[in-house]
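# Architecture and fold: a report
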Amino acid sequence: MESYLIRYESLLTLLKTYDSLAVAFSGGVDSTLLLKAAVEALGEKVVAITSVSPVHARREIDAARKCASALGVRHITYDPGMMDDQEFVENSPLRCYYCKRRMLMRMSKEAGAVGVSNVVHGVNCDDLSDYRPGVKAAEELGIEAPMVVAGLFKADIRALAEYLGLDVAHKPAMSCLATRIPYGEPITPEKLAMVEAAEAALDDLGFLQFRVRHHGPVARIEFSQDDLMRLFNDSLMAQVVAGVRKAGYLHVAADLEGYGQGRMNRVLKGS
């Protein structure tokens, strides 16, 4: 038996110890696999809960709704009021800590309102190797990460998603829109809307893995290597520029280094 299937069995065994469960659900591959496993383990005792705010792209929210519906899970959405949290808006290196803390505190209340006392989230073992202050916030609130306990890494999760026939098996990694704004620059609904519109334009053009980094009037776009090579076509470049400028940017730049998760954290590491 493949090792990822053994780990999946461990995950199911763990999830069966809960009497009911709320899954923090973004619609990405990690939370979708966790939700699928929770339903397999507990059936109707599972609810999916999704945060809806300006830091979450509307396309991702819509995708989460469709995914939860396809899995036959009760789906709750709520607004955590992120833009009212001054510590988050100030955008310090602890931004993700404040964001996750507020989101999960509100999520726990939403779960409690429907009689569910246990909330879990889709952190995996690979996430522990990056700068993730949000993980600390979850730990402080007692929000558990069953996939870490089961020893699942990102490669395992994608392999399992494909094995189980989940549509998100090859979905690119996503993160909230606030991660596109450099630390120290206040987060505003206007900046988030610009990033969202620019990324929607790139999505419409068929790009798969990218980030639009917000530098005032400049959009610095990180493309995957495959997408970067695709970009160098006069017609396509013109469409990229038009779409991103329509989002409100004056200048459009492609980062020749390409896409990299956590690239905005370089300022913290000095490299």
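Parameters and conventions
- Residues numbered from 1 in each chain as written.
- Predicted model: local features only at pLDDT ≥ 70, side-chain atom pairs only at ≥ 80, totals over all residues.
- Heavy atoms only, no water.
- Helix = DSSP H or I, 4+ residues; strand = E, 2+ residues; numbered from the N terminus.
- Buried < 20%, exposed > 50% of the residue type's maximum accessible area, 1.4 Å probe, protein only.
- Contact = heavy atoms within 4.5 Å.
- Areas by Shrake-Rupley, 256 points an atom, 1.4 Å probe, with all protein chains shown as cover.
- Lys, Arg positive; Asp, Glu negative; His and termini not counted.
- Charge placed at Lys NZ, Arg CZ, Asp CG, Glu CD.
- 1 Å grid on protein atoms, 1.4 Å probe; cavity = no way out; pocket = protein on both sides within 12 Å on 5 of 7 lines; lining within 4 Å.
- Points joined across faces, edges and corners; volume = space filled by probe spheres on them.
- Nonpolar A, V, L, I, M, F, W, Y, C, P; charged D, E, K, R; others polar.
- Pairing = 2+ DSSP bridges.
- Salt bridge = Lys/Arg side-chain N within 4 Å of Asp/Glu carboxyl O.
- Axes fitted to C-alpha atoms, helices over the stretch in contact; angles between N-to-C directions.
- Parallel < 35°, antiparallel > 145°, perpendicular 65-115°, else oblique.
- Left-handed = near helix turned anticlockwise from the far one by under 90°.
- Right-handed = clockwise from strand over helix to strand, strands pointing away.
- Core = buried A, V, L, I, M, F, W, Y, C linked by side-chain atoms within 4.5 Å.
- Polar contact = N/O pair within 3.5 Å; in protein donor to acceptor, adjacent residues only side chain to side chain.

### Considerations on the overall build of the protein chain
- Within the protein chain one finds 12 helices and seven strands.
- For the protein chain, the spread of C-alpha atoms along the principal axes amounts to about 55 × 45 × 35 Å.
- The buried share among the 271 residues of the protein chain stands at 51%.
- For the protein chain, the proportion of contacts with a sequence separation of at least 24, taken over those separated by at least 6, is 71%.
- For the protein chain, the accessible surface area stands at approximately 12,900 Å², while carbon and sulfur atoms represent 53% of it.
- Averaged over its 31 positive side-chain charges, the protein chain has a centre that lies 2 Å from the centre of its 35 negative ones.

### Quick word on the layout of surface pockets
- The space that makes up the second largest pocket amounts to roughly 430 Å³.
- For the lining of the second largest pocket, the secondary-structure elements that each account for two or more residues are helix 3 (58–70), helix 9 (189–204) and strand 5 (210–215).
- At five residues, helix 9 tops the list of elements feeding residues into the lining of the second largest pocket.
- The residue inventory of the lining of the second largest pocket, partitioned by class, reads nine nonpolar, one polar and nine charged.

### Points about the pairing of strand 5
- Counted residue by residue, strand 5 has five buried out of six residues, so it is predominantly covered.
- Hairpin connection of strand 5 to strand 6 (residues 218–223): two residues between the antiparallel strands, including Gly 216 at a positive phi of 65°.

### Concerning the pattern of salt bridges
- Evaluation of the coordinates by the stated rule reveals 15 salt bridges.
- Notably, a salt bridge pairs Glu 60 with Lys 171, separated by 2.9 Å at the nearest N-O pair. Note that Glu 60 is positioned in helix 3 and Lys 171 in the loop between helix 8 (154–163) and helix 9, a separation of 111 residues in sequence.
- Lys 171 gets classed as buried once you look at its relative accessible area, which sits at 17%.
- In the salt-bridge network here, residues are joined through shared partners; they are Arg 213, Arg 220, Glu 222 and Asp 255.

### Re the sheet that holds strand 4 (residues 119–120)
- Strand order in the open sheet made by the four strands is 3-2-1-4, with parallel pairing throughout. Strands with a single pairing partner mark the edges of an open sheet, and in this sheet they are strand 3 (74–78) and strand 4.
- With respect to the sheet, helix 2 (residues 29–42) is in contact with strand 1 (21–24), strand 2 (46–51) and strand 4, its orientation differing from that of strand 1 by roughly 165°.
- Sheet contacts for helix 3: strand 2 and strand 3; angle to strand 3, the most-contacted strand, approximately 160°.

### Overview of the packing of helix 2 against helix 8
- Remark: helix 2 packs on helix 8, axes separated minimally by 10 Å, with the N-to-C direction vectors making an angle of 60°. Relative to helix 8, helix 2 is oriented oblique. Handedness of the helix 2/helix 8 crossing: left-handed. Counting all contacts with helix 2, which are made through Val 29, Asp 30 and Leu 33, the residues of helix 8 involved are Lys 154, Ile 157, Arg 158, Leu 160 and Ala 161.
- The class makeup of the residues in the contact of helix 2 with helix 8 is five nonpolar, no polar and three charged.

### Some remarks on the pairing of strand 3
- Relative to strand 3, strand 2 runs parallel, the two sharing five bridges. Bridge pairing in strand 3 links Val 47 to Arg 74.
- Between the parallel pair strand 2 and strand 3, the chain is carried across by helix 3, and the sense of this crossover is right-handed.

### Quick word on the nonpolar core
- Phe 88, Leu 202, Phe 207 and Tyr 249 are the most contacted members of the largest nonpolar core, which totals 46 residues.
- The element best represented in this core is helix 5 (residues 95–113), accounting for seven residues.
- Ignoring any residue separated from it by four or fewer positions in sequence, one finds Phe 207 in contact with Leu 202, Phe 223, Asp 227, Arg 230, Leu 231, Leu 236 and Val 240.

### Considerations on the environment of Asp 127
- You can see Asp 127 is positioned in the loop between strand 4 and helix 6 (133–140).
- Expressed as a C-alpha distance, the spacing of Asp 127 and Val 148, which sit 21 residues apart in the sequence, is 9.1 Å.
- A distance of 3.2 Å separates a polar atom in the side chain of Asp 127 from a polar atom in the side chain of Arg 132.

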